[in-house]
Every structure is written in C-alpha cells, then in structure tokens.
Amino acid sequence: MAQSANGVDHEPASKRLHSRVEASCMDLALEGERLCKAGDFKGGAAFFEAAVQVGTEDLKTLSAIYSQLGNAYFYLKEYGKALEYHRHDLTLARTIGDKIGEGKASGNLGNTLKVLGRYDEAVVCCQRHLDISREQGDKVGEARALYNIGNVYHAKGKQQSWGCSQDPGDLPPEVRETLEKATMFYEMNLSLVKELGDRAAQGRAFGNLGNTHYLLGNFVEAIKFHRERLSIAKEFGDRAAERRAYSNLGNALIFLGQFDAATEYYRKTLQLSYQLKDQVMEAQACYSLGNTYTLLQQYERAVDYHLKHLIIAQELADRVGEGRACWSLVNAYMALGKHRQALPYARKHLEISIEIGDREGELTAQMNVEQLMETVGMEEGDLSSCGSEFEIQGWFEISLKCSLILLNLQTFYKFSSSPIHCLQFSLVSRPLLAGNKTRQWVDGRNSPVDAQDIAVQLPAPKLGRDPSDEDCFFDLLSKFQSSRMDDQRCCLDEPQNGERGGVPAPSVNDADSSLMTSPQTEELFDLIASSQSRRLDDQRVSVGNLPGLRITHNNLNNLGHLCGDGDPQEPSDDFFNMLIKCQSSRINDQRCSPPDPGSHAPTVPDEDFFSLIQRVQAKRMDEQRVHLPSDEQGENSALPRFRSSPGTC
C-alpha cells in the first residue's frame, strides 16, 4: 500500500517536472522569435541556443527552433552555424515526414550555400524546394523557390563577370547564359506573384529583373523594370528600396548617355541616403555624382562631390575609397588648370596606392606627381618643405566647402509619414506556434548608387598536399597490410606423407614471419583497426547529432531509423541524382584560387561602371587632344601626359 502511494505521488511529480521543462523551452524559443522579429538577431540567437540547451521531445517544435536559429545566424553572417542548423532542420523534417518543412529547409540551405559561393549545390537545394512546393500545391513556396533560384544564378553571373574587361553587355558566353537563366526564373516568379496579388514580391522581382538586364547590357529594359520597382517602393513607403531604384535608374541612364537625367536620380539617392543615415550609400552617391559631373565637364561641381566622398571615406577608414577620391580630385583640378591644388591630392593618391598594393594606381599617381611638379616648377627637394601641404591646403579647402554647404541649406521635400516596411527575408522561418537633422549640398540637390544583392564570397579552404607524403603513406600501409589478406583465405588440409614427392612446402620469408608473429605488430594492427573503424561512424546521422532532442517513448517510433532500429531503406534514385549534382563541382576545390581582387572599398560602388565609361567615352578624350606635326615627334615624349581616373573624359 505504501509502495502504491509512493508510486501515485511520484508520477504526478515527474509529469509536473516534464511540463515545466517544456514550458521553459517554449518560452525561451518564443522570446528568441520576438527578438528576431524586432531585428535583434544576436539576442534572438542567444535565446534559441538556450532553448536548445533545455531541450524538448516535440520534434516539430525543435525543427522550428532549428529553422529560426539558422536564419538568425545567417543575418549575423555566421554562415557556418547557419548551415549546421538548417541541416538539422532538414534532417528532422524528413524524419517526421513534414514535406513543406523539408522544402523550406532546403530553400534555407540553398540561400546559405549561395552566400558561401557554392552555387551548384545551392541550385540543387533550391530546386528541391521548388519540386516539393509544386508537389504539395504550395504556390507561395513555389514563388519563393523560383525567386531563390534566380538569386543563385544572378550571384553566380556577377561573380563570373568580375574581372571581365568587355564593354557593357559584351559578356563571355557562360556569363551571359547564367544571367539569362536568372532572368528566366525572375520572370517566372513575377508571373506567379502577380497571380497571387503579392505587390511586395512583385517589387522585388522588378528590381532584380532590372539588375540582370543591366548586367546583360539591356539598359532600356533595365530602366523599364526599375521604374516599376520605384513605383511599388513609393506605394509601400519603402525608402530603402526607393533609394536603390533611383540609384539603378541613374546607372542605366549613364550608359544611354543621358547624363543630366542620371544626375537627377543620383541627387534623389543622396537625399534619401541622408534621411536614412546611411553613410556608405551617401559616399557612393557622391562618387557617382562627381564622376557624372566630370562627364558633363562641370568640374567645379565634380570637385564638390569628390571632396564630400573624401571626407566620408576618411571617416569610415576606407583607404581604397580615399585613394579613389584623391585620384578623381587630381583629374578635376587638372581639367580646371589648377595644377598646384592637384599636387597634394596626387601625392596622397601615391601614398595610398603604395599602402594598399595598387600597382596600377601607384604608377598612375607617380606619373601625375612628376608631371605636376614639372608643370608648377617644383623640384624633388621642395617636397619636404610642403610635406603638410595636403593637410593644410586640402583640409582648409574641405572645411571651406563644408561651410558653404551649410550656408546654402535648402529645405528637402517632405516624405510621407507612412512607416518603412520591414525587409522581406529570403530565408523562411516557421512559426513556433500554429495558427534630425538633414545635410544639404551647395546646389541643394541629391543622388544614388546601389550595390543590391551583394554575395559574400568565402573562399573554400585549400589543403596543400605534397605527393611524396601520400606515396610514403601508401608504402607504409602496404608494408603492414600486405600479409593481412592471407588471414581471410581458407586453410588447406595438410598433404599426406609422400603426396608432394619430397618437394619442400613453401614457407614464409623469415623476416615476414617474425613480423607477423611479433606481439608489437599485432598491437599495431589492432590499433589501426580500432582507429579506422570509427571513421565510418563519423559519417552516420545519429540522434546525438541533433542538439536539444530528448528521446522518450512518445517520439522513439519516429526516430527509429536514426537510432539504428528498423529496416534500412535503400536511397531512391532522386537522392543519388542530387548527390551527383552536389559532388560534381567538388573538383573545383582542388584548383588554385583566383588572384586577389584587391581591397574592398565600401564607399565606392561595387559595380563601378565608370571604369567601363572610360572605354565607352575614349573617343571623346581624343577629340580634346592637340595633334602636333610629325617632325616634332621627338619633343612630344617630353610633354606632360596625365592618366585619368574612371569617369574622366
């Protein structure tokens, strides 16, 4: 009777403890979800990690936690952890037969792999998301999968086009094919979201279609799509998207030669960058305006914007951007005939180029310094006396320009008070429960430059291996393992006396025999066998690899195949096809990495189209040259010749 009473008392206590643990895990997860929705991904990830530490036996809840934790780490740019938790999510979704969850996890894996530069694997995952969504009749999931596949091809095409010296639209065949695939999937996405009536998704599709057509050199088409994007951004009051649309419109108009119209869009970009307090985009807008005014031969205005770019680049410690601003200022001052003002900036450009290892910039700056010194009549020894000339003259000039800017403040046009809509995440999370002042310009106008959908490329680690090391390893392995095959042979009966006619039986070499019978050798074999036997287990999926999962009799049936119970299932052909696609690109891991593209310049647009404009506008530079008689050819070599920066005409 006492035992019965004890048993009755014990059972409710265990249930109460279990419910408290479940409540604690759910409470932590809900708080993490709330923080992530508020934009605090670091705090949200901490609560999700705490929920995983507490653990739960509810597989659906744990799958949702994995999904949101992977997304949190994605936005924190900790892509390794994001990949880990999205894989856990995919494993659990398949375990419990959640096809929709499996599709979303595959899509999240695809997005993470895209950022890591593993495009072929990303396409496989996103295609799996698309197939499942179509199979389940999930139109929203299908639209998202189409958009994600387009993003992968878009990012791959942009990476392939880096380093190409062709004019706009003149792309290698493989790059053009990749970008055309991106356009195809974006168009399919646009058609579907129009059917669903999702205006926000339509805006994203229009923007990306504009970007891909821009890269393909279809500038008229790009402008059409970016204007649609601008209209939807204004409809939602999304000023960040509006700024991107203005910037992209300016970029496309530059290549159509409509410089005046481009400056209007760049000014609007600059104005919105002020209001959004985005210094990086503000600097890019200044850079674009400065170069556009150079194309218009309005060099005084170009100087104003390049000076502002220089200030922001120094505030953000962007040495590459600072060097580019100095280079642009040198060209603008030379065009104005102000060679003495150009000299300090040429010297600063030379100093920065040497510091960042920009060999081309160093040669250009050195040539400009020498020619400017010759023009203004300065000698090499005079440089020491004007060592601080850049600081004295340059900073005084910058301060003066800023003062003029403040004195010429004008009222910005007022934007609507509608709230800015939250950015739509391309990653998919499953819910845990079902069911100030503004600054102005001298001319009071503003500008943009967009670097939308920048993919963070992380180079895969390369392991150098000396072929001789591998040969030595196989020699050693062959030496110790050569005789172990005999252990698996069947033993023949001893021959009867006289059957072999007195022929002596073959014997093992004395040295090998002593090696085989040595106790140390057997210990070595045992050690090798035990160490190698564990390597297969490292590749198996086990319950222990799923953090936060508590195994009980309630969920043991669902986890049978993960625990090693139940009948093994042979993978389907689809699995092997997917495996082949994923593994087909692994040979690239053994190739040498491409040359370092150089230091990143946040204040200079990633798609710095002014280097392309230099080639497009090359004929305009020749029109301004003076053709000297041929008999003076010998003297021509001594004439000053200045290298111009991108955007100079």
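Cut-off values and rules
- Residues numbered from 1 in each chain as written.
- Predicted model: local features only at pLDDT ≥ 70, side-chain atom pairs only at ≥ 80, totals over all residues.
- Heavy atoms only, no water.
- Helix = DSSP H or I, 4+ residues; strand = E, 2+ residues; numbered from the N terminus.
- Areas by Shrake-Rupley, 256 points an atom, 1.4 Å probe, with all protein chains shown as cover.
- Axes fitted to C-alpha atoms, helices over the stretch in contact; angles between N-to-C directions.
- Parallel < 35°, antiparallel > 145°, perpendicular 65-115°, else oblique.
- Left-handed = near helix turned anticlockwise from the far one by under 90°.
- Contact = heavy atoms within 4.5 Å.
- Buried < 20%, exposed > 50% of the residue type's maximum accessible area, 1.4 Å probe, protein only.
- UniProt positions renumbered as here; feature names shortened; annotations may be inferred.
- pLDDT = per-residue confidence, 0-100.
- Polar contact = N/O pair within 3.5 Å; in protein donor to acceptor, adjacent residues only side chain to side chain.
- Core = buried A, V, L, I, M, F, W, Y, C linked by side-chain atoms within 4.5 Å.
- Salt bridge = Lys/Arg side-chain N within 4 Å of Asp/Glu carboxyl O.
- Expected span 1.5 Å × (residues − 1).
- Phe/Tyr/Trp six-rings, centres within 6.5 Å; stacked < 30°, edge-to-face > 60°.

### Some details on the overall build of the protein
Looking only at helices and strands, one finds 26 helices and zero strands in the protein. Of the roughly 35,500 Å² of accessible surface on the protein, 52% is carried by carbon and sulfur atoms.

### Topic: the packing of helix 6 (residues 119-136) against helix 7 (residues 139-161)
Their axes nearest at 8 Å, the elements helix 6 and helix 7 cross at an angle of 165°. Viewed along their axes, helix 6 and helix 7 adopt a mutual orientation that is roughly antiparallel. Between helix 6 and helix 7 lies a crossing of left-handed hand. Note on element contacts: helix 7 touches helix 6 through Gly 141, Glu 142, Ala 145, Leu 146, Asn 148, Ile 149, Val 152, Tyr 153, Ala 155, Lys 156 and Gln 159, opposite Tyr 119, Asp 120, Ala 122, Val 123, Cys 126, Gln 127, His 129, Leu 130, Ser 133 and Arg 134.

### Some details on unusual backbone geometry
The backbone phi angle of Lys 277 is positive, close to 55°, even though this residue is not glycine. On the secondary structure map, Lys 277 appears in the loop between helix 12 (259-276) and helix 13 (279-295). According to the relative accessible area criterion, Lys 277 is exposed, its value standing at 56%. Even without glycine at this site, Gln 297 takes up a positive phi of about 60°. Positionally, Gln 297 belongs in the loop between helix 13 and helix 14 (299-315).

### Focus on the UniProt feature "repeat: TPR" (unreviewed entry) in the protein
Here, UniProt's "repeat: TPR" (unreviewed entry) annotation points to residues 63-96 and 243-276. Segment residues 63-96 splits into 88% helix and 0% strand. End C-alpha atoms: 10 Å apart.

### Quick word on the confidence of the model for the protein
For the protein, per-residue confidence averages 74 on the pLDDT scale, and residues scoring 70 or more make up 55% of the total. Here helix 26 (residues 633-636) stands out as the least confident element of the protein, with mean pLDDT 43; helix 10 (residues 219-236) is the most confident, with 97. In the model, residues 402-426 has pLDDT below 50 throughout and makes 41 contacts with residues more than four positions away in sequence or in other chains. Across residues 630-649, confidence stays below pLDDT 50; counting only partners more than four residues off in sequence or on other chains, it has 47 contacts.

### Describing the environment of Lys 224
Tracing the chain through its elements places Lys 224 in helix 10. Between the alpha carbons of Lys 224 and Phe 206 there is a distance of 8.9 Å; along the sequence they are 18 residues apart. Among the polar contacts made by the side chain of Lys 224, one reaches the side chain of Glu 221 at a distance of 3.1 Å.

### Brief notes about the environment of Leu 146
Structurally, Leu 146 can be placed in helix 7. On the basis of relative accessible area, Leu 146 is assigned to the buried category, the value being 2%. Along the backbone, Leu 146 and Gln 127 are 19 residues apart, and their C-alpha atoms lie at a distance of 8.3 Å. In this structure, Leu 146 is in contact with Leu 130, Arg 134, Phe 185, Met 188, Asn 189 and Leu 192, ignoring residues within four places of it in sequence.

### Details of the nonpolar core
Counting 56 residues, the largest nonpolar core has Ile 65 and Leu 69 as its most contacted members. With near-sequence residues (within four places) excluded, Leu 69 lies in contact with Ala 45, Phe 48, Glu 49, Val 52 and Tyr 85.

### A few points about the pattern of salt bridges
In total, this model carries 18 salt bridges according to the counting rule given. With a shortest N-O distance of 3.6 Å, Glu 102 and Lys 99 are connected by a salt bridge. Linking Glu 102 with Lys 99, this pair stays in helix 5 (residues 99-115), spanning three residues, or about one helical turn. For Glu 102, a relative accessible area of 5% translates into the label buried. A relative accessible area of 26% means that Lys 99 is categorised as partly exposed.

### Description of helix 7
With 23 residues, helix 7 extends 33 Å between its outermost C-alpha atoms, agreeing within 8% with the 33 Å of an ideal straight helix rising 1.5 Å per residue. When you tally the buried positions in helix 7, you get 17 out of 23 residues, the bulk of the element.

### Let's talk about the packing of aromatic side chains
Scanning the model with the defined rule gives 14 aromatic pairs in all. Measuring from centroid to centroid gives 6.1 Å for Tyr 73 and Tyr 85, while their planes differ by 15°, and the two rings are stacked. Separated by twelve residues along the polypeptide, Tyr 73 in helix 3 (residues 59-75) and Tyr 85 in helix 4 (residues 79-95) bring together distant segments of the chain. Residue classification places Tyr 85 among the buried residues on the basis of a relative accessible area of 6%. With a centroid separation of 4.8 Å and an interplanar angle of 5°, the aromatic rings of Phe 219 and Phe 255 are classed as stacked. Of the two residues, Phe 219 sits in helix 10 while Phe 255 sits in helix 11 (residues 239-255), which places them 36 residues apart along the sequence.

### A word on the side chain of His 213
Residue position: His 213 is located in helix 9 (residues 199-215). Residues in contact with His 213, not counting those within four places in the same chain, are Thr 183, Asn 218, Glu 221, Ala 222 and Phe 225.

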